[in-house]
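# What the coordinates show
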Amino acid sequence: MARTRAQRRRHSLFLLIALAVTLVVLVFARDVSRAAHGAITAQRSEDRSFAGLANTLIQQENQFDLRMTRLLQNGPTFSRPEFDARLLQLDQQLPSWTAAAVMLRRPKLAHDINNKIADLTEVRVDDYQSIISRVTRSLTLPTPTQDADATRASTPAQTLMATATTWNRDRFALRHEPGAARLDALTDSSATLFATSGVTNLTASASLAVVRGIGIAAVSVVPAPLPARRGILLLPPVTTIELGVSVVNTGFVEQEVTLEVSMTPTNGPLPAQHQSFHVALAPLQSYAFAPQGIAVVPSERATLDVRLTGAAASANLTRSRSYRVEMSPPGALPAG
């Protein structure tokens, strides 16, 4: 029986609705597919970018580990200044690791891998600073810049080895994620060496041993002395003389020194005068003392003693100088 016009219209309407639903479903499926593909592409990009930055940091840490190992092994072949310079170079690299670790924390990745490497890096910075601090103290070297932060790790070598083991287990976290990012392994040769022998190899070295030496490099007097025999300060008839005393630390170690200046008259109305100064001399550095003016009178005779204490005298230098002071009579004019 032939369908009525109304039935044909309903049939056509149903077909149109079915076609529209099919189109909506297809469009939605396409959008979902594109969104999923975009998400995977974004994750792949993030994972690979993270791997590039993380591996750069790991390579820096491994290179540091190699240099630290060589320094601990070959330290006895260096002089104290050479060894200290190499140790300081290593110490100055560590702050950059902390900055890199902060950058790796975002964006958050699968398995929390970025926070894991950031946390481990911060611990390793403390560990290496602690080792450097212990080497510094054992050899009485100048304090490195990061020494104040190096007290948190009580067993730095063991902690370094533990963090390397942890990372080398977790570094495969992104292997099955989009991008299949590969993360490098950490080495721990310097930590193993330090855990085994500590600083024994270094403290037994004669070239790294502390050799202290101080001395008086020069003594200046104002007004300038007149020509006289050696050891005599023949001065014009003034009422005050000014001294300048230069001292030197010839050892590569910070050295506490005390300078004493004494003026003891043998005639005249003035009493004995004494001044004392204390300073910490930096390694291989000099320091100029400027005592207060010393009161004198014309025709005075006195003994001026300059004495430096704190360590043994360096070769070719003395720790004391003594002068006989002769003040010219009133009205005397300098020669020439």
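For clarity, every value in this text was computed on a predicted model and none was experimentally measured. (Residues numbered from 1 in each chain as written. Predicted model: local features only at pLDDT ≥ 70, side-chain atom pairs only at ≥ 80, totals over all residues. Heavy atoms only, no water.)

### Things to note about the nonpolar core
What tends to happen in soluble globular proteins is that the nonpolar side chains get buried as a cluster. For the record, the criterion: Working definition of a nonpolar core: buried Ala, Val, Leu, Ile, Met, Phe, Trp, Tyr and Cys residues. They are joined through side-chain atoms within 4.5 Å. Residue exposure (1.4 Å probe, protein chains only): buried if accessible area is under 20% of the type maximum, exposed if over 50%, otherwise partly exposed. By definition, residues are in contact when any of their heavy atoms lie within 4.5 Å.
Core analysis: the largest hydrophobic core is formed by 41 residues, its most contacted members being Phe-50, Phe-64, Phe-83, Val-135 and Trp-167. Apart from residues lying up to four places away in sequence, Phe-64 is in contact with Leu-90, Gln-93, Leu-94, Trp-97, Tyr-128 and Ile-132.

### Observations regarding the packing of helix H3 (residues 113-139) against helix H4 (residues 156-170)
What counts, and what does not: Axis definition: a line fit to C-alpha positions, over the contact stretch in the case of helices; interaxial angles, taken between N-to-C directions, run 0 to 180 degrees. Note on conventions: DSSP H or I runs of at least 4 residues are helices, E runs of at least 2 residues are strands, and numbering of each starts at the N terminus. For this classification, under 35 degrees means roughly parallel, over 145 means roughly antiparallel, 65 to 115 means roughly perpendicular, and everything else is oblique. Left-handed is the label given to a crossing in which the near helix is rotated counterclockwise from the far helix by less than a right angle, and right-handed is the label when the rotation is clockwise. Residue polarity is assigned by list, with Asp, Glu, Lys and Arg as charged and Ala, Val, Leu, Ile, Met, Phe, Trp, Tyr, Cys and Pro as nonpolar; anything else, Gly included, falls into the polar class.
The contact between H3 and H4 brings their axes to 9 Å, and the two run at 160°. Considered as vectors, H3 and H4 are oriented roughly antiparallel to each other. Between H3 and H4 lies a crossing of left-handed hand. When H3 is examined against H4, the residues Ile-113, Lys-116, Ile-117, Leu-120, Val-123, Arg-124, Asp-127, Tyr-128, Ser-130, Ile-131 and Arg-134 are found in contact with a partner set consisting of Pro-156, Ala-157, Thr-159, Leu-160, Thr-163, Ala-164, Thr-166, Trp-167 and Asp-170. Here the residues of the contact of H3 with H4 are counted per class, giving eleven nonpolar, four polar and five charged.

### As for the sheet that holds strand E8 (residues 301-309)
Note the threshold: DSSP bridges decide pairing: two strands pair if at least two such bridges lie between them.
Across the sheet, which stays open at both edges, the five strands sit in the order E2-E9-E8-E4-E5 with mixed pairing between neighbours. Pairing within the sheet leaves two strands with one partner each, and these edge strands are strand E2 (232-235) and strand E5 (273-281). Mean inter-strand twist for the sheet, computed between neighbouring axes without regard to direction, equals 20°. Two elements, E8 and strand E9 (residues 320-327), share seven bridges in a ladder whose sense is antiparallel. Residue Val-306 lies in a different strand from E9, and its bridge partner there is Arg-321.

### Some words on the confidence of the model for the protein
The cut-off we apply is this: Each residue carries a pLDDT score, the predictor's own confidence in it, on a scale running from 0 to 100.
Of all residues in the protein, 85% have pLDDT values of 70 or greater, and the mean over the chain is 88. Mean pLDDT per element in the protein: helix H1 (residues 5-74) is the minimum at 75, and E8 is the maximum at 98. A low-confidence stretch, residues 35-39 stays under pLDDT 50, and its non-local contacts, those more than four residues away or across chains, total zero contacts. Segment residues 147-151: pLDDT under 50, and seven contacts once partners within four positions in sequence are set aside and those in other chains are kept.

### So, the pairing of E8
Taking every second residue as pointing to the same face, the buried face of E8 carries Ala-302, Leu-304, Val-306 and Leu-308, while none of Arg-301, Thr-303, Asp-305, Arg-307 and Thr-309 on the other face is buried. Pairing of strand E4 (residues 255-265) with E8, which is carried by eight bridges, proceeds in the antiparallel orientation. Bridge assignment links Thr-258 to a residue of E8, and that residue is Thr-309.

### As for the packing of aromatic side chains
The following threshold applies: Centres within 6.5 Å are what make two rings of Phe, Tyr or Trp a pair, Trp counting through its six-membered ring; a difference in plane orientation under 30 degrees is then read as stacked, over 60 as edge-to-face, and the rest as tilted.
Applying the stated criterion to the full structure yields five aromatic pairs. Ring centres of Phe-64 and Trp-97 lie 5.1 Å apart, and the angle between their planes is 70°; this geometry places the pair in the edge-to-face category. Of the two residues, Phe-64 is situated in helix H1 and Trp-97 in helix H2 (residues 80-104); the sequence distance between them amounts to 33 residues. Summarising the burial analysis for this pair, Phe-64 and Trp-97 share the class buried. An angle of 70° between the planes, with centres 4.9 Å apart, marks the rings of Tyr-287 and Phe-289 as edge-to-face. Overall, the relative accessible area of 6% leaves Phe-289 in the buried class. Members of the aromatic cluster, joined through ring pairs, are Phe-64, Trp-97 and Tyr-128.

### Here we look at a nonpolar patch on the surface
Put simply, the rule reads: Patch criteria: residues need more than 30% relative accessible area and no salt bridge. Like-charged residues are merged within 9 Å; nonpolar side chains of Val, Leu, Ile, Met, Phe, Trp and Tyr are merged within 5 Å. Note on areas: these come from Shrake-Rupley sampling with a 1.4 Å probe, and a residue is covered only by the protein chains present in the view. We count a salt bridge whenever a side-chain nitrogen from Lys or Arg sits within 4 Å of a carboxyl oxygen from Asp or Glu.
Taken together, the side chains of Leu-13, Phe-14 and Ile-17 present a nonpolar region at the surface, about 310 Å² in accessible area. Looking at where Leu-13 falls in the secondary structure, it is placed in helix H1.

### Section: unusual backbone geometry
For the peptide bond that leads from Val-222 to Pro-223, omega is 5°, which places it in the cis range. Despite not being glycine, Leu-284 has its phi angle at roughly 60°, a positive value. Relative to the helices and strands, Leu-284 is located in the loop between E5 and strand E6 (286-289). Taking relative accessible area as the criterion, Leu-284 reaches 44% and is therefore assigned partly exposed. A positive phi angle is found at Ser-299, which is not glycine, with a value near 70°. In this fold, Ser-299 is placed in the loop between strand E7 (294-295) and E8. Residue Ser-299 is classed as partly exposed on the basis of its relative accessible area, which comes to 30%.

### With respect to the layout of surface pockets
Heads up, the condition is: Using a grid of 1 Å spacing that covers the protein atoms alone, one calls a set of points a cavity when a 1.4 Å probe fits there but cannot get out, and a pocket when the set is open and has protein on both sides within 12 Å along at least five of seven lines; lining residues are those with an atom within 4 Å of a point. Grid points are joined across faces, edges and corners, and a volume is the space filled by probe spheres set on the points.
Considered as a void within the structure, the largest pocket measures approximately 180 Å³ in volume. As for the largest pocket, its lining consists of twelve residues, of which Thr-140, Leu-141, Pro-142, Thr-143 and Glu-254 are closest to the centre. Residue classes in the lining of the largest pocket are distributed as five nonpolar, four polar and three charged.

### Digging into the environment of Gln-275
Using the following cut-off: N or O atoms closer than or at 3.5 Å make up a polar contact, with two conditions inside protein: a donor-capable atom paired with an acceptor-capable one, and, for residues adjacent in sequence, both atoms drawn from side chains.
Position of Gln-275 relative to the elements: it lies in strand E5. A residue is classified by how much of its surface remains accessible, and Gln-275, at 16% relative accessible area, is buried. Sequence separation of Gln-275 and Met-263 is twelve residues, and the distance between their C-alpha atoms is 9.0 Å. Polar contacts involving the side chain of Gln-275 include one to the main-chain amide nitrogen of Gln-292, which spans 2.9 Å.

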